[in-house]
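The primary structure of each chain is shown beneath.
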Amino acid sequence: MRFRGNKRFASVVGLVLGLLCAVEAAKVNKHKPWIETTYHGIVTENDDKVLLDPPLIALDKDAPLRYAESFEVTLTEEGEICGFRIHGQNVPFEAVVLDKSTGEGVIRAKDKLDCELQKEHTFTIQAYDCGEGPDGANMKKSHKATVHIQVNDINEYSPVFKEKSYKATVIEGKKYDSILKVEAVDADCSFQFSQICNYEIVTPDVPFTIDKDGFIKNTEKLSYGKEHMYKLTVTAYDCGKNRASEDVLVKISVKPTCKPSWQGFNKRIEYEPGTGSLALFPSMHLETCDEPITSIRATVELETSHIGKGCDRDTYSEKSLHKLCGASSGTVELLPAPSSSANWTVGLPTDNGHDSDQVFEFNGTQAIKVPDGMVTTSLKDPFTISVWMRHGPGAHEKETILCNSDKTDMNRHHYSLYVHNCRLIFLLRQDPSEAENYKPAEFHWKLDQVCDKEWHHYVLNVEFPSVSLFVDGTTFEPFLVTEDYPLHASKIETQLTIGACWQENSGHDNDTETVSEPTSGANARMAQFFRGNLAGLIIRSGKLENKKVIDCLYTCKEGLDVQLPEEVASAVKVEFNPNQSSLTVEGDDIDAFDKVMQHISYLNSRQFPTPGIRHLRISTTVKCFNEESCVTVPDAEGYVMVLQPEEPKISLSGIDHFARSAAEFESQEGVTLFPEMRIVSTITREVEADTESEAAEGADDDPTVQETVVSEEIMHNLDTCEVTVVGDELDGEHESLEVDMTQLQQRALEMSSSNLGLVITGVNTMANYEQVLHLIRYKNWHTEALFDRKFKLVCSELNGRYISNDFKVEVNVIHTANPMEHSNNAMVQPNFINPVHHASVDLSGHNLVNAHQASVVPSAATIVIVVCVSFLVFMIILGVFRIRAAHQRTMRDQENGKENEMDWDDSALTITVNPMETYEDQHSSEEEEEEEEESEDGEEEDDITSAESESSEDEEGGEPEDQQGASRQQQLEWDDSTLTY
């Protein structure tokens, strides 16, 4: 029995040992963990839990087998799953093992996810076991599996409209399928929550509806009389039923029934001088009311007939304009602006304004005679007549523009230009010749321009026997030429008249011309009066054939312009009239047509344009496919307001008072009147504050804008400078005003003179006028009774539109004895001058018969030179005095040496009396008269030689030296109380 028990024990022990061996064998980590190859997951944004399909489970074959009932092996770790590892950059997920023994795990988000930033994530995952033993040796990893995770959206955003507000315009009486579309968007990432499923009009009781796509239409015909504008509030919903965060405002304007017209332009257009081209219709377009248009024609007209002679032109004299245009030789102006040298137009009415051209009015009772000798043109040689004329329909009598007829007896008309029944007629009677045959005598032109009450420019080129006519630059041939015998030989002088014809006997003349109206007074011998306006009447020797010169004479300085865009240049045609006051646009593309109209501009090239209104008119004609229902576009009207230019202030400055010796007046050169003349032109304008900070401070303190007045110097031309005598007229026998004619010709200037003065004319720069004024000299050959002369200078621009100040200069004549008779005269006294506007030197005690102020404006260099030379002479004279005084002191008592050392010894001083110094004569009136007589006879009086001084000392030895010195000091004292240094 004991043996049997031992045998049973032995079998149990063997079984245990076998199990232990099996367990030891199981501790070896032979296999890798296993997971699925692909996982798909879903996570909701703002949540961290990921639902995976299939679930995350890792299996390992090294894990122990599970036995039935309750037997479990828990002694080993090989086969347990210790973790999961995620591979990828910036993966916002992590994997966690829930049960090591079963290998179960989960994936979760590290932070909250945002579907709007990223909807999907993809990465790889790998499982690893716990290895062998407690130190985890021989750890095994599974293969890498791909994980796809989708982030589910939540409806966190509300719809937002793309625009802050919506606007639309409809025409009354129409129902629209769609007026406008509103659109909202949703920021959610999913299709469900990001889609707008519905729009709704919140405003109640409005005749509009909106569909799910946002299109708004009217439910009934709208009436402009009932409501001009509807304001609707619209909201939107996404498919998650979220309402828009903010509703949107929709404005629908109701327009009256469409009428074709030009729209989008300002009727008042302001033009600032000097700004160049100005677009007239930058936003204009043609409203055709959706009618099918085949072609469009529009004419834009700029009305300038009320400005000057039909438009804005340079208002220089006609003679100056001819020079500027290249026709300068032999020009005689018959209707000049009234002046001292051309006064025959003084009695004619004018426009009385200098903003525009000077226009002369003839009312049928007025005419003028041109002075004899003004026109020296021979009728045998070619000559030109040009004139500006405005004339309307009148009576059937002849109306004379220009007439040259006999002064007495026969009343023959040698040549004349006149209007008769809206015809322009030129009469030219030839002088007697050997062959008295019929020759062309009257040239007739039938012109609408003669009677249209508008300004036109006429140029007649006469080269007998042919005469050519240009009207506004266009050539016209005469429709009728009549012939006549040449005039009979006669020695009767002729009279040239303007506005009528001179006739000795108003009831009879050899040309069957009669006076239609009785005349009286100064016009008793005038007939055939003109009714209208004339300007710029010129007779010029030689023909004026150059078309460029003729165009230059009448071309306007203002007009319309257009710069065609390249993309529409071929689709639209543009034509201008000659003076660019009208243009026509033709095309068939409405969009291209609108672009061309938007590029039409106004341009005024004058530096100082004539201010005022220029009316605009747009006339439009359209053609349609259906002529019966074609639309009519009414005329559009507006105006250009040319603002007042900043007027220049022309200032003349220089030496206005000086004295010269009589010898200079009598010399060949004479005396220069304006040696330092300066011409400056300035404009005054208002400008805003310079800096933004100043403007901001001003805005805080004062709501008004602060402006500063500044003066700015500008450059422009002058056309006239006139020098006139103040006081008695010039006596041609012994005085004159002269200027270097060569210098004038080099500057294309002209000079005319009379006993009242001289006038320099011609368009030129202020600098050239300065140089010419420096050359004007005054001469006088008999100055014995002359003590002063006064002159006035005035310059102007644009035929008197801008006039300078009156600059007056006074010249004094210095009468002195002959300096050559004084043996000790070492120098001649200079002409002392003082600055203008300063206190002048008083000459009331001088021995001149007529004393005057002597103030000038010297240069700084002149003052310095005069002071230095005076100081040097003073030092030399002082040295001579000192030497002579030392010599005399040796001859006197030694005891009185120190007292006499301080005395002023002027025994050797040569005194030259300056005619400009001030002193009081201590002698009697008889001595003054003797001094004047001696001065006129040329005797010595002004200088006292050293010998005379010594003899005077001997004769007056009894006189105390102190008193004698005081007397001489009083005579030599210079009164400088009124001088300013």
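Since the structure is predicted, the reported quantities are computational estimates derived from the model, not experimental observations.

A. Layout of the sheet that holds strand E47 (residues 671–672). The sheet built from 3 strands is open, its strands ordered E47-E54-E51 with antiparallel pairing. Lying at the two open borders of the sheet, with one neighbouring strand each, are E47 and strand E51 (735–738). Two elements, E47 and strand E54 (residues 777–780), share 2 bridges in a ladder whose sense is antiparallel. Considered in E54, the bridge of Thr672 is made with Arg777.

B. Looking closely at unusual backbone geometry. With omega at -5°, the peptide bond leading from Asp53 into Pro54 counts as cis. For Pro54, the position within the fold is in the loop between strand E2 (51–53) and strand E3 (56–57). Following Phe464, the chain continues to Pro465 via a peptide bond in cis, the omega torsion being 15°. With respect to the helices and strands, Pro465 occurs in the loop between strand E31 (455–463) and strand E32 (466–471). In the Ramachandran plot, Lys453 falls in the positive-phi region, its phi being about 60° despite a non-glycine side chain. As for its placement among the helices and strands, Lys453 is situated in the loop between strand E30 (439–446) and E31. Despite not being glycine, Gln528 shows a phi value in the positive range, around 60°. In this structure, Gln528 sits in the loop between strand E37 (526–527) and strand E38 (531–541). Residue class for Gln528 comes out buried when judged on its relative accessible area of 6%.

C. The arrangement of the side chain of Thr288 in detail. With respect to the element layout, Thr288 can be found in the loop between strand E21 (285–287) and strand E22 (293–303). Accessibility expressed as a relative area gives 9% for Thr288, which makes it buried. Beyond its immediate stretch of four places on either side in the chain, Thr288 contacts Ile293, Ile590 and Val631.

D. Spotlight on the environment of Ser178. For Ser178, the location among the structural elements is in the loop between strand E10 (165–171) and strand E11 (180–181). We classify Ser178 as partly exposed; its relative accessible area is 34%. Through-space distance from the C-alpha of Ser178 to that of Lys217 is 4.7 Å; in sequence the pair is 39 residues apart. Not counting chain neighbours up to four residues away, the residues in contact with Ser178 comprise Phe215, Ile216 and Lys217.

E. Summary view of the packing of aromatic side chains. Counting across every chain of the model gives 12 aromatic pairs. On the numbers, 6.3 Å between centres and 55° between planes, the contact of Phe674 with Phe807 is tilted. Remark: Phe807 occurs in strand E57 (residues 807–814) and Phe674 occurs in the loop between E47 and strand E48 (678–688); sequence separation between them is 133 residues. Judged by its relative accessible area of 6%, Phe807 falls in the buried class. Taken together, the ring pairs connect Phe665, Tyr778 and Phe791 into an aromatic cluster. The ring centre of Tyr128 lies 5.4 Å from the NZ or CZ of Arg85, which sits over that ring.

Calculation notes
- Residues numbered from 1 in each chain as written.
- Predicted model: local features only at pLDDT ≥ 70, side-chain atom pairs only at ≥ 80, totals over all residues.
- Heavy atoms only, no water.
- Pairing = 2+ DSSP bridges.
- Helix = DSSP H or I, 4+ residues; strand = E, 2+ residues; numbered from the N terminus.
- Buried < 20%, exposed > 50% of the residue type's maximum accessible area, 1.4 Å probe, protein only.
- Contact = heavy atoms within 4.5 Å.
- Phe/Tyr/Trp six-rings, centres within 6.5 Å; stacked < 30°, edge-to-face > 60°.
- Lys NZ or Arg CZ within 6 Å of the ring centre and 35° of its normal.

Keep in mind that these numbers describe shape and distance, not what the molecule does.
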